[in-house]
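# Examining the three-dimensional arrangement
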Amino acid sequence: MENPFSLAGKNIIVTGASSGIGRQTAVSCSQMGARVVLIARNTEQLNMTLSMMQSPESHLVYSLDLADLDGMETVIKDIVGKTGKLHGLVNAAGISTTLPLKLISNEKLEEFFKTNVYSAIQMSRLFTKQVNVSTEGGSVIFFSSVMGIVGESGKTLYSLTKGALVSATKSLALEFASKKIRFNAVSPGVVVTPMSQNAVYSKDEESLNRIIALHPLGLGMPVDISNACVYLLSDASRWVTGSNLVIDGGYTAR
Amino acid sequence: MEAKFLEQFTELLERETPVTLEDVFREYDNWDSLAYLSVISFVDEEYGIVIPREEFGKMKTIKDIITFIAANS
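Here we summarise the structure given alongside this text. None of these values were measured; they are calculated from a predicted model.

### Description of the interface of chain B and chain A
At the interface, 15 residues of chain B touch 14 residues of chain A. Both faces considered, chain B and chain A share a buried interface measuring about 1200 Å² in area, 61% of it formed by carbon and sulfur atoms. Close ionic contact of E45(B) with K108(A) constitutes a salt bridge, the shortest N to O distance being 2.9 Å. Summed over the shared surface of chain B and chain A, the result is five residue pairs in polar contact (both at pLDDT 80 or more). For the side of chain B that touches chain A, a count of residues per class yields nine nonpolar, two polar and four charged.

### Observations concerning the packing of aromatic side chains
The final tally for this structure, using the stated rule, is twelve aromatic pairs over all chains. Each ring, one from F5(A) and one from Y231(A), has its centre 6.2 Å from the other, and the planes form 55°; the classification is tilted. With a gap of 226 residues between them, F5(A) in the segment before β1 (11-15) and Y231(A) in helix α8 (residues 222-233) connect regions that are remote in the sequence. Grouped by ring-pair contacts, the aromatic residues F5(B), F9(B), F42(B) and Y47(B) constitute a single cluster.

### What to know about a nonpolar patch on the surface
All names here are of chain A. On the surface, a cluster of nonpolar side chains totalling about 200 Å² of accessible area is made up of I149, V150 and V246. By the secondary structure assignment, V150 is in the loop between β5 (138-143) and α5 (156-176). Look at V150 and you get partly exposed, because its relative accessible area is 32%.

Reading the values: the criteria
Along each chain, the written sequence defines residue order, and numbers are assigned to residues from 1. For this description, chains carry letters from A and ligands carry numbers from 1, given in the order in which they are written. For this predicted model, a pLDDT threshold of at least 70 governs which residues receive local features, and a threshold of 80 or more governs which side-chain atom pairs are given and counted, while totals over whole chains, interfaces and linings are taken from all residues. To get the side-chain values, all heavy atoms of the structure are used, and hydrogens and water are removed first. Residue contacts follow a heavy-atom distance rule, with two residues in contact if any of their heavy atoms lie within 4.5 Å. Accessible area that two parts lose when put together, with a 1.4 Å probe and added across both, is what the buried area reports. Only one rule defines a salt bridge in this text: a Lys or Arg side-chain nitrogen within 4 Å of an Asp or Glu carboxyl oxygen. Distance and chemistry together define a polar contact, namely a pair of N or O atoms within 3.5 Å, with one atom able to donate a hydrogen and the other to accept it when in protein, and with adjacent residues in sequence counting only for side-chain atoms on both sides. Classes in brief: Ala, Val, Leu, Ile, Met, Phe, Trp, Tyr, Cys and Pro nonpolar; Asp, Glu, Lys and Arg charged; the others, Gly included, polar. Here a pair means two rings of Phe, Tyr or Trp (six-membered ring of Trp) with centres within 6.5 Å. Their orientation is stacked below 30 degrees between planes, edge-to-face above 60, and tilted elsewhere. Each helix corresponds to a stretch of at least 4 residues labelled H or I by DSSP, and each strand to a stretch of at least 2 residues labelled E; elements are numbered beginning at the N terminus. Each patch groups residues whose relative accessible area exceeds 30% and which form no salt bridge, using 9 Å between like charges and 5 Å between nonpolar side chains of Val, Leu, Ile, Met, Phe, Trp and Tyr. Throughout, the Shrake-Rupley method with a 1.4 Å probe supplies accessible areas, and for residues the shown protein chains are the sole cover considered. For every residue, the accessible area (1.4 Å probe, protein chains only) is compared with the maximum for its type, and the residue is labelled buried under 20%, exposed over 50%, or partly exposed between those bounds.

Structure below.
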């Protein structure tokens, strides 16, 4: 039987590929046969990801600040010129924080929406252009979070942006269904990554133990999320769109 | 740094009178877990320093917090 999860022959863009889940998603996609385009700001870290991938020579690396819309357009044009039309987009770039309401300024709101929402929406806009996306259709993944579904004291900023992505997923799924471009979100619980390890709650044992206890299966690993991305990018999920795949070790089961 | 810090803390902890270096912050009538979270987040945002809970547990006065920040920045 042909592997239904194969990504052979697919060109897939992964943003935030310099670290954490984005990095692992790039690696997993390469192992499933995809040609991957890695995007993030840090070239050194991108090259590190590249070195972890299967057949590194077949992938492309672009150092880009996703706030730079003009830069984004130029890069997408360049990518399509080199790889041909695109089949997948994984918007893994994102930031997190723990900040009580009294410290949430408009500047903070803008910073979070720009990084977590605007860049994913603009990348999707460029990806879905007729000149860029495969005529067979495509798959776009937004990285939401369990914090897009449930709350936690001090996580308002993060929750706002992650919830926005879940909402966007549904309308975009409908808007692009006729073109066979699917939109889905993944919502991880706490995964062991540099981002979560830098979080306030990871810096002391008591908070960390509390967070671990909230996940019946313990904390996740990046590969737990990248495997789901492989599924959503592959033809195995051809009938899946507008969904939010929750991968949280049981965090939201309570 | 001290004057600005005291001003920001007065605002952060919603004190009606300006906080002073000698204030024992846990004796504030509105001190609670959210106030704790606010202080930790504020210091992280403003100074890029995460105060470990154990260290914070040893602090008694506003001056202790400032001293910790100064020693770790």
